[in-house]
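# Results of the structural survey
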Amino acid sequence: MTHLFKGLTLAAALVLVPGAAVAQGADPDAVIRIGSLYEPQNLDNTAGAGQGINEAFNGNVYEALFQLQDEGEVTEQLVTDYEISEDGLTYTFSLQPDVTFHSGDPLTAEDVVYSIERVTAETSQSSRKSSLATIESVEAIDELTVEVTLSERSISLPYNLSYVWIVNDAAVDITASEDGTGPYRLDDWRRGSSLSLVPYENYWGEAPSNGGVVFNYFTEATALNNALLTGAVDIITSVQSPDSLAQFADNPSFTVTEGASTTKELMAYNDRIEPFNNVKVRQAIARAINDEQLLEAIWGDYGTLIGSFVPPTDPWYVDLTDVNAYDPESARELLAEAGYPDGFSFTLDTPNYDPHPIVAQFIQNELAEVGIDVEINIITANEWYTKIYQAQDFEATLQEHVNHRDIVFYGNPDFYWGYDNPEVIELIASAESSATVEERNEKLRQANIIIAEEAASDWLYLYPQIVVSAANVTGYPINGLNSQFYAYDIVKTN
Amino acid sequence: MTAVAATEPRRMRASLTLSVGIVLVGLHVVVALLTLVWTPYDPAGMAGGRLEGPSLAHWAGTDRLGRDLFTQIMIGSRIALTVGAGAVGIGALIGVTLGILAAFATRFLDDVLAAAFDILIAFPTLLLAMLVVAATDSASLFSAILALGLAISAIVGRLTRILAKRVLEMDYITAARTAGTSWAGIVFIHLLPNIWPTLLVNFALQFGLAVIAEASLSYLGLGAPPPNASWGRLLQEAQGTVYTAPFGAIAPGLALVTLVIGMNMLADGLRDIGDPTRRRSR
């Protein structure tokens, strides 16, 4: 009991640390310089701009009807209140009054209709388009009321709407400029180098705690680390290797924060083909690999073990690390039961970038212990996409999956790994049309447990999300779900 | 008297270069042969902790998986020498054959072959290697050797063609032809013995370049796939840890440098000693 309590206090303290020191000597005019590796290709999140645009603009320049908070919950943003009809097919949203766009235009229901239709349009390249496919129509009832009609229940609509930027319907060319309602407006974008935001003076909510932010873009992680070391930037949004952390970890001039990421390292089998269509074979492989030792080798003291595809920040998370846990003895037994007492061999298609090649070698060593012979085939990211994702021509592969709430992939038998369990498909398909959030979470939790027990893939570990800042900078988001980086609470002391 | 004084130190320097070259290359050959029967640790086994520094137990430290780096570097010697020898072998076989063919051929065929050599030389080696890898469907030691061999064959071919043409203009070739020596006889009795010293020097140089090219390919993930411990792959894997465990990058780098410098010194020494035309011209 005391143990648990201690753990909880520690967890609470960890969450609070970045925001804790807001008090003394904060400079309200300080411009925060953020270092990032993800420069957006353009400024429109429905036009293939990459994750960098979410990092710079979500919640900072553009707002949505709902907001995905850094801790994972979804709260109202431009909506003050909403009603759902009995049958769950009609949502009526009341909008926040007195909101203006950066161009000065007031926010009206028409802008919301325009913004939602922009994402669901034929030509939209938004990665969220399919999750909004149940939207049948969007209508402006009056100045500040919007009605969304669905073809079937969609319990995650508020969550999905948190990805839909509310854009002024009069805005032109938002791939190179912006017209949002957020606390910052775009000041200057220098392609290939930086993007600067300044506070919007007529912002409807609480004004930012700083005098603006500049995102400085780097093409190489070492250059980015050096920029922080020399004081050219104040924060790095995500550190990709534990070993570059050594420069910062024991240095009082810097703060290292570990948050929860949604990036999962996994070995996906082609579940359609022999021997991976045999549950026992998959379970045996999962039990033959010591994930703990692997995580230690790749990330040192960072990162988290997961027993399934669902990270702790998804609402349907359950701790499944004990399911098919490391146990080489039972792995050998399972292989024998499955009809492979002498093992077998397979090719592991391995992307050529870190950490996949080293993970592949670890797996090769571990599986050799139980008699399975792994041949490593190094491929490029592009080959991965064409050979594995599109042509589904593979036996097993390594990949990092970054998305939030992506267990739905296991409900799609045509997905590249081809996991096909009617019960899971039914659970995942019906979860979205649940009447309540609890019902949905329960169904997805069930699905999660089944895929873990059947070892649909081998989920090796969850990447850590590491933010490093100068010690005088606080108040930044630590989890960065969906690549977001809310900048308005960041403060810098002198 | 003066002539002898000027030649002697030069020859001594040449033999010193040659000896150092032989020692460096010989060291790698011995290590490579040794790995066939013995290595300090199991190359795949986790023999120590994560990223340990150099110590008596692990001369070059350990990598992220706790494997002994010195063992991997030793195996890297074997891979580097295999690729170098294989690539130079393929290059020599194709290059010398086509080069001599061009020298003997009609004007038209000679032009075609010369142009082909030039085009192949102008083509970046790494790009060529990527094409070969794409054509063979997967990266392997064999595809790396084949790609580098093709690149080398063009260089060797061009050199052979020029050398052979120069020899074929000589009076004694005309004399031999008049005396009825066969085509093959001219090649094996007169031509090859006259051009092989220059070719040998070139092979040694190409060997060093092939070793570097193989490291580059492996660095890009186009060389021998893991668990083959190519130096290029060791360098690539050490890149992320270069601040915390610099020896992981320094050690394979040193191995690469010693072999390539050794090969170059060997080539230099061979040229100074073995090439009669060069010696005379000095």
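Residues numbered from 1 in each chain as written. Chains lettered and ligands numbered in written order. Predicted model: local features only at pLDDT ≥ 70, side-chain atom pairs only at ≥ 80, totals over all residues. Heavy atoms only, no water.

## Side note on the confidence of the model for chain B
In the predicted model, chain B carries a mean pLDDT of 84, and 91% of its residues have values of at least 70. Interface confidence for the predicted complex, expressed as ipTM, amounts to 0.71; the pTM equals 0.77. (pLDDT = per-residue confidence, 0-100.)

## Notes on the sheet that holds strand S7 (residues 145-150) of chain A
Paired through backbone hydrogen bonds, the strands of a sheet run either parallel or antiparallel to each other. Residue and element names in this part refer to chain A. Spatially, S4-S5-S7-S6 is the arrangement adopted by the four strands of the open sheet, whose pairing is antiparallel. Of all the strands in the sheet, just strand S4 (79-84) and strand S6 (135-142) have a single pairing partner and so form its edges. Here the average twist between neighbouring strands, direction ignored, is 20 degrees. Direction of pairing for S6 relative to S7: antiparallel, over a ladder of six bridges. (Pairing = 2+ DSSP bridges. Helix = DSSP H or I, 4+ residues; strand = E, 2+ residues; numbered from the N terminus. Axes fitted to C-alpha atoms, helices over the stretch in contact; angles between N-to-C directions.)

## Considering the pattern of salt bridges
A side chain of one charge can pair with a side chain of the opposite charge if their charged atoms are brought near each other. Evaluation of the coordinates by the stated rule reveals 21 salt bridges over all chains. Note that Glu329 of chain A and Arg332 of chain A form a salt bridge whose closest N and O atoms lie 3.0 Å from each other. Remark: Arg332 of chain A and Glu329 of chain A occur in helix H9 (residues 328-337); sequence separation between them is three residues, near one turn of the helix. Arg332 of chain A gets classed as partly exposed once you look at its relative accessible area, which sits at 33%. Glu237 of chain B is the salt-bridge partner of Arg67 of chain B, the closest N and O atoms lying 4.0 Å from each other. Within this pair, whereas Arg67 of chain B is found in the loop between helix H1 (2-37) and helix H2 (69-104), its partner Glu237 of chain B is found in helix H8 (residues 231-238), the two being separated by 170 residues in sequence. (Salt bridge = Lys/Arg side-chain N within 4 Å of Asp/Glu carboxyl O. Buried < 20%, exposed > 50% of the residue type's maximum accessible area, 1.4 Å probe, protein only.)

## Concerning the nonpolar core
Counting residues in hydrophobic clusters, the biggest one holds 56 residues, and the most contacted among them are Ile73, Phe104, Leu191, Phe203, Val211, Trp231 and Leu259 of chain B. Residue contributions to this core peak at 14 residues, all from H2 of chain B. Excluding its chain neighbours within four sequence positions, the residues that come into contact with Ile73 of chain B are Ala60, Trp231, Leu234, Ala251, Pro252 and Ala255 of chain B. Among the nonpolar cores identified, the runner-up in size contains 50 residues, and Leu228, Leu245 and Ile358 of chain A together with Leu65 of chain B belong to it. (Core = buried A, V, L, I, M, F, W, Y, C linked by side-chain atoms within 4.5 Å. Contact = heavy atoms within 4.5 Å.)

## Regarding the interface of chain B and chain A
Taken together, the contact pairs 21 residues of chain B with 24 residues of chain A. Both faces considered, chain B and chain A share a buried interface measuring about 2,000 Å² in area, 50% of it formed by carbon and sulfur atoms. Three residues stand out in chain B for area buried against chain A, namely Arg50, Arg64 and Tyr243 of chain B, and they jointly supply 31% of the buried area on that side. Linking chain B to chain A there are zero salt bridges. (Buried area = accessible area lost by both parts, 1.4 Å probe.)

## Looking at the environment of Gln240 of chain A
All names here are of chain A. Relative to the helices and strands, Gln240 resides in the loop between strand S11 (235-236) and helix H6 (246-249). The exposure class of Gln240 is partly exposed, given its relative accessible area of 40%. With 223 residues separating them along the chain, Gln240 and Tyr463 place their C-alpha atoms 9.0 Å apart. Those residues in contact with Gln240 that sit more than four places away from it in its chain are Tyr38 and Trp299.

## Observations regarding the pairing of strand S5 (residues 90-95) of chain A
Residues and elements named next belong to chain A. Alternating residues of S5 divide into Tyr91, Phe93 and Leu95, all buried, and Thr90, Thr92 and Ser94, none buried. Direction of pairing for S4 relative to S5: antiparallel, over a ladder of five bridges. The partner of Val79 across the bridge, within S5, is Leu95. Taken together, the five bridges between S5 and S7 define a ladder with antiparallel strand orientation. Within S7, the position partnered with Thr90 by the bridge is Thr149.

## So, unusual backbone geometry
Residues and elements named next belong to chain A. Cis geometry is adopted by the peptide bond preceding Pro275, which originates at Glu274 and carries an omega value of -5 degrees. When you line up the elements, Pro275 lands in the loop between strand S12 (254-269) and helix H7 (279-288). Even without being a glycine, Asp98 presents a positive backbone phi close to 60 degrees. Relative to the helices and strands, Asp98 resides in the loop between S5 and helix H3 (109-120). Located in the positive-phi region is Arg405, a residue other than glycine, with phi close to 55 degrees.

## Looking at empty space enclosed by the protein
Considering all chains together, one arrives at four cavities of 30 Å³ or more under this definition. In this structure, the largest cavity occupies an estimated 110 Å³ of space. What lines the largest cavity is a set of 13 residues, and nearest its centre among them are Asp63, Arg64, Glu237, Ala238 and Thr241 of chain B. For the lining of the largest cavity, the secondary structure elements donating two or more residues are H2 and H8 of chain B. The element best represented in the lining of the largest cavity is H8 of chain B, accounting for three residues. Tallied by class, the residues present in the lining of the largest cavity amount to six nonpolar, four polar and three charged. Around the second largest cavity, the lining is made up of 14 residues, and of these Ile378 of chain A together with Ser218, Gly221, Pro226 and Arg233 of chain B lie nearest the centre. Secondary structure elements with two or more residues in the lining of the second largest cavity: helix H7 (183-219) and H8 of chain B. (1 Å grid on protein atoms, 1.4 Å probe; cavity = no way out; pocket = protein on both sides within 12 Å on 5 of 7 lines; lining within 4 Å. Points joined across faces, edges and corners; volume = space filled by probe spheres on them. Nonpolar A, V, L, I, M, F, W, Y, C, P; charged D, E, K, R; others polar.)

## A closer look at the sheet that holds strand S13 (residues 345-351) of chain A
Residues and elements named next belong to chain A. Ordered in space as S8-S9-S10-S1-S11-S16-S12-S15-S13-S14, the 10 strands form an open sheet in which the pairing is mixed. In the strand order of this sheet, the two ends are held by strand S8 (184-190) and strand S14 (373-379), each with one partner. The pairing of S12 with strand S16 (residues 458-470) spans 11 bridges and is antiparallel. Considered in S16, the bridge of Leu266 is made with Trp459. The strands that H7 touches are S12, S13 and S16; relative to S12, the one it contacts most, it runs at about 145 degrees.

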